[in-house]
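# Breakdown of the fold
If you want the building blocks of each chain, they are given just below.
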Amino acid sequence: MSNDTLEQIQQRRTFAIISHPDAGKTTITEKLLLVGQVIQTAGAVKGKGNQAKAKSDWMEIEKQRGISVTTSAMQFPYNGCMVNLLDTPGHEDFSEDTYRTLTAVDSALMVIDATKGVEERTIKLMEVTRLRSTPILTFMNKLDRDIRDPLELLDEVEDILKIKCAPITWPIGSGKFFKGVYNIVGDYAVMYKSGQGSKIQEVVRFDGIDNPDLIQAIGEEFHQQLKDELELVQGASNEFDKEEFLEGKLTPVFFGTALGNFGVDHMLDYLTAYAPAPQARKTLDGEVAATAPEFSGFIFKIQANMDPKHRDRVAFMRIVSGKYTRGMKVNQHRIGKEITINDALTFLAGDRTNAEEAYAGDIIGIHNHGTIQIGDAFSTFKEPVKFTGIPNFAPELFKRIRLKDPLKMKQLLKGLIQLSEEGSVQVFRPLINNDLIVGAIGVLQFDVVVNRLKNEYNVEAIYEPVNVATARWVECDDAKKFEEFKRRCEGNLALDGADNLTYIAPNMVNLNLTQEKYPDVRFFSTREH
Ligand code: G4P
């Protein structure tokens, strides 16, 4: 590997934001794009009237519901690094997308609404990041409101999320009296000015806690309070330790207001300085390091119709190792085929452009014509590679989908199969009839499917209840026994969107009995096994 490639890889910082809905993820994303100079002015985020929206929100349905459904990638240079930010859906009905996106990052930013504290979805998402010991940075948001006692907030994070806190900045007041933050590590104060939310703020900084200018700026009372608090915090909390941070055991904590555009850059400075460069990824046989000599990557997300005008389907690949160059020949290991990637997209500065090159840690978008699935590995290795840990969950809710206009069957099938490639819903086609059954993990996904079928495929469909409670992917090494199983259980068998055989059960009792009856058949609750 050339020195240049190595240097490029070391500069990559790939992360995602985890938070409870409404904590401020979208607003922070927007401010990050502002700090990263991807956008020049920040507008209101949640599409009020015709105000500008954050670039990460792409889809019509998001505008209607104010829920970030898509997972998009954004890249920008900052502090000598190339930062890749992966957006994750905030709504829990899309948690699978979020889980998979978290397999594609090397660190995560946890955003907490400091008026509320640790909330339920943050707890869940932290559990997911813990599976891979992902390093976590923490941003306590909404300091322009009256927040909870900051020490109490740190205690709550430590108690509930079981991660040590190392405050890097400390708030000086909050709400109407929010004056700024004191950087404990650097021993200086940075002052907050309200009404600067839409552009990069000028930095007003005072060095040293007893700086007369600082005392004058915040007043003696606040100054004494700050001194007392800092003494307390320094006694009661942890110092930043890079090793512990990289092991996911300690989180640096920053205070600020995303809406007021204050403090996000402090966090980003740390992220670029300390968050890890691209990490190795586990495979069935071991692992692939980012600096491995060959190119490799895996698909963590597929999205149809990102640009409705072009009706394209894009597979998002996290590059695990090496360098991508335009026109490169790579092996798609699942189907054992060599393909040429000519027109991969990158997401530099918020624009979709055709990439000439990209490096480990980067996300590239590949046009998908139905041959790519979530979890697929691509590489220039001669031996097949299979990256592990990219889940495709069995759905828990099922509905039969029916057309309003029966003549549009072909369109419906096409739409469903394409949407199921994205992985947030599954489609099942029973072997014995012409039903189409949609399976999802969250209720809202059903609405999204109907909406998107209408908008993107011009098909009007409605749901009916169906007697299916669970689904399992099935496999068997013994061809004869498998045939017998298929013959006897035909009424419960279906093909999923990618033609994999599944067993659809009306209830768990039925599933358990069938499993007992056919011990040689293996039943999987994820497609990745
Ligand atoms: P999410 O993506 O995590 O769901 O949160 P989002 O950024 O959409 O923020 C949720 C709400 O919190 C929004 O208000 C947003 O303006 C507000 N918010 C975000 N950061 C801050 C902050 O630092 N201070 C304050 N005071 N509010 C903040 P909303 O009422 O839902 O939308 P809007 O009517 O303000 O657009």
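That block above? That's the structure.
Okay, so let's go over this structure. (Residues numbered from 1 in each chain as written. Predicted model: local features only at pLDDT ≥ 70, side-chain atom pairs only at ≥ 80, totals over all residues.)

## Remarks on the overall build of the protein chain
A tally of helices and strands in the protein chain yields 14 helices and 31 strands. Of the contacts made within the protein chain by residues no fewer than 6 positions apart, 71% connect residues no fewer than 24 positions apart. (Helix = DSSP H or I, 4+ residues; strand = E, 2+ residues; numbered from the N terminus. Contact = placed C-beta atoms within 7 Å.)

## Thoughts on the sheet that holds strand β24 (residues 397-403)
With respect to topology, eight strands assemble into an open sheet ordered β27-β24-β26-β25-β29-β30-β28-β31, the strand pairing being antiparallel. Looking at the sheet topology across the chains shown, the edges are occupied by β27 (461-465) and β31 (522-524). Each adjacent strand pair in this sheet contributes to an overall mean axis angle of 45°, direction not counted. Pairing of β24 with strand β26 (residues 437-440), which is carried by four bridges, proceeds in the antiparallel orientation. Across the sheet, L397 pairs through a bridge with A440, a residue of β26. Helix α12 (residues 443-457) rests against β24, β25 (425-430), β26 and β27 of the sheet, and its axis sits at about 130° to β26. Contacts between helix α14 (residues 508-517) and the sheet are confined to β28 (470-475), β30 (501-505) and β31, with β30 contributing the most and set at about 130° to the helix. (Pairing = 2+ DSSP bridges. Axes fitted to C-alpha atoms, helices over the stretch in contact; angles between N-to-C directions.)

## With respect to the pairing of strand β11 (residues 250-255)
Burial analysis of β11 places six of its six residues in the buried class, the great majority of the element. Judged by which residues are buried, β11 turns out to be covered on both faces: L250, P252 and F254 on one side and T251, V253 and F255 on the other are all buried. Of the pairings in the sheet, the one linking strand β5 (residues 136-141) to β11 comprises three bridges and is parallel in character. Following the sheet pairing, M140 is matched in β11 by F255. Where strand β6 (residues 164-167) and β11 come together, four bridges link them in parallel fashion. If you follow A166 over to β11, its bridge partner there is P252. (Buried ≥ 20, exposed ≤ 12 C-beta atoms within 10 Å, placed from the backbone.)

## Considering the sheet that holds strand β10 (residues 205-207)
Pairing in this open sheet of four strands is antiparallel, and the strands run β7-β8-β9-β10 from one edge to the other. The open sheet is flanked by β7 (169-172) and β10, the only strands paired with a single partner. Strand after strand, the sheet turns through a mean of 25° between neighbouring axes, direction not considered. In this structure, strand β8 (residues 180-183) lies alongside strand β9 (residues 188-191), joined through four bridges in antiparallel fashion. The partner of V181 across the bridge, within β9, is V190. In the packing of helix α8 (residues 220-236) onto the sheet, the strands contacted are β7 and β8, and the crossing angle to β7 comes to about 150°.

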